[in-house]
Amino acid sequence: MTTAHPFLMFQGQCAQALDFYAATLPEAAVLARQDKPDGTIAMARLQVAGLEIMLNDLPPVHDFDFTPSSSIFITLDTPDAVDPLAKAEASGGKFLMPPGDYGFSPRFAWVQDRFGVSWQISAA
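Residues numbered from 1 in each chain as written. Predicted model: local features only at pLDDT ≥ 70, side-chain atom pairs only at ≥ 80, totals over all residues. Heavy atoms only, no water.

A. Representation of the overall build of the chain in the model. Looking only at helices and strands, the chain has two helices and eight strands in total. Listing every helix and strand of the chain by position from the N terminus yields β-α-β-β-β-β-α-β-β-β. At 15 Å, the chain has a C-alpha radius of gyration in line with the 14 Å of a compact globule built from 124 residues. Taken along the three principal axes of its C-alpha coordinates, the chain extends 45 × 30 × 30 Å. (Helix = DSSP H or I, 4+ residues; strand = E, 2+ residues; numbered from the N terminus. Rg over C-alpha atoms; globule rule 2.2 N^0.38 Å.)

Next up, the structure:
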């Protein structure tokens, strides 16, 4: 095996999600983006804190969407950094677990963003 990456598949919302993540996630950068003529994304790569995530818009409509059981876990340096990021990611989405101390982290939140992607955000 040469590489392995999380892969996020959208149905027409990849460009908006990519821009949103690049603007709100710490240490995020768009590494590559290939747009299709219809405005959807053929393939993109986003780096978040050293993790490369692949994203695209799947052309055929499928009978499933994101599930919160598949998530991306973000660890932040301080507990104070959790709430602002969790609030930003939950904007237009929802909290699955609101920010709090759940015993395994001094500050933790689990959110589903407006695109249906699930993020666990924790303090180190």
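B. Quick peek at the side chain of asparagine 56. Positionally, asparagine 56 belongs in strand β4 (residues 51-57). Here asparagine 56 is in contact with Phe7, Leu8, Met9, Phe10, Cys14, Ile41, Ala42 and Met43, once residues within four sequence places are set aside. (Contact = heavy atoms within 4.5 Å.)

C. View of the packing of aromatic side chains. What the rule picks out here adds up to nine aromatic pairs. Look at tyrosine 102 and phenylalanine 104: their rings are 6.3 Å apart centre to centre, the planes differ by 20 degrees, and that puts the pair in the stacked class. For phenylalanine 104, a relative accessible area of 53% gives the class exposed. Arranged with centres 6.0 Å apart and planes meeting at 90 degrees, the rings of tyrosine 102 and phenylalanine 108 form a pair that is edge-to-face. We classify phenylalanine 108 as buried; its relative accessible area is 2%. Site record: aromatic cluster; members linked through ring pairs are Phe10, Phe20, Tyr21, Phe115 and Trp119. Positioned over the ring face of phenylalanine 20 is arginine 114, at 4.1 Å from the centre of the ring. (Phe/Tyr/Trp six-rings, centres within 6.5 Å; stacked < 30°, edge-to-face > 60°. Buried < 20%, exposed > 50% of the residue type's maximum accessible area, 1.4 Å probe, protein only. Lys NZ or Arg CZ within 6 Å of the ring centre and 35° of its normal.)

D. Summary view of the confidence of the model for the chain. Considering every residue of the chain, the mean pLDDT works out to 89; 90% of them sit at 70 or more. Confidence, expressed as mean pLDDT per element, reaches its minimum in the chain at strand β1 (residues 7-10) with 87 and its maximum at helix α2 (residues 82-90) with 97. (pLDDT = per-residue confidence, 0-100.)

E. Summary view of the packing of helix α1 (residues 14-24) against α2. Put simply, α1 and α2 touch, their axes get as near as 11 Å, and they point 165 degrees apart. With respect to each other, α1 and α2 are oriented roughly antiparallel. Judged by the sense of rotation from one axis to the other, the crossing of α1 with α2 is right-handed. Residues Phe20, Tyr21 and Thr24 of α1 form the contact with α2, whose own contacting residues are Leu85, Ala88 and Glu89. (Axes fitted to C-alpha atoms, helices over the stretch in contact; angles between N-to-C directions. Parallel < 35°, antiparallel > 145°, perpendicular 65-115°, else oblique. Left-handed = near helix turned anticlockwise from the far one by under 90°.)

F. How the structure looks around the pairing of strand β7 (residues 108-112). The element β7 is largely enclosed, with a buried count of four among its five residues. Where strand β6 (residues 94-100) and β7 come together, four bridges link them in antiparallel fashion. Within β7, the position partnered with glycine 100 by the bridge is phenylalanine 108. Relative to strand β8 (residues 118-123), β7 is paired through five bridges, and the arrangement is antiparallel. The partner of alanine 109 across the bridge, within β8, is isoleucine 121. Connecting β7 to the antiparallel partner β8 that follows it, the hairpin turn spans five residues, and glycine 116 within it adopts a positive phi of roughly 95 degrees. (Pairing = 2+ DSSP bridges.)

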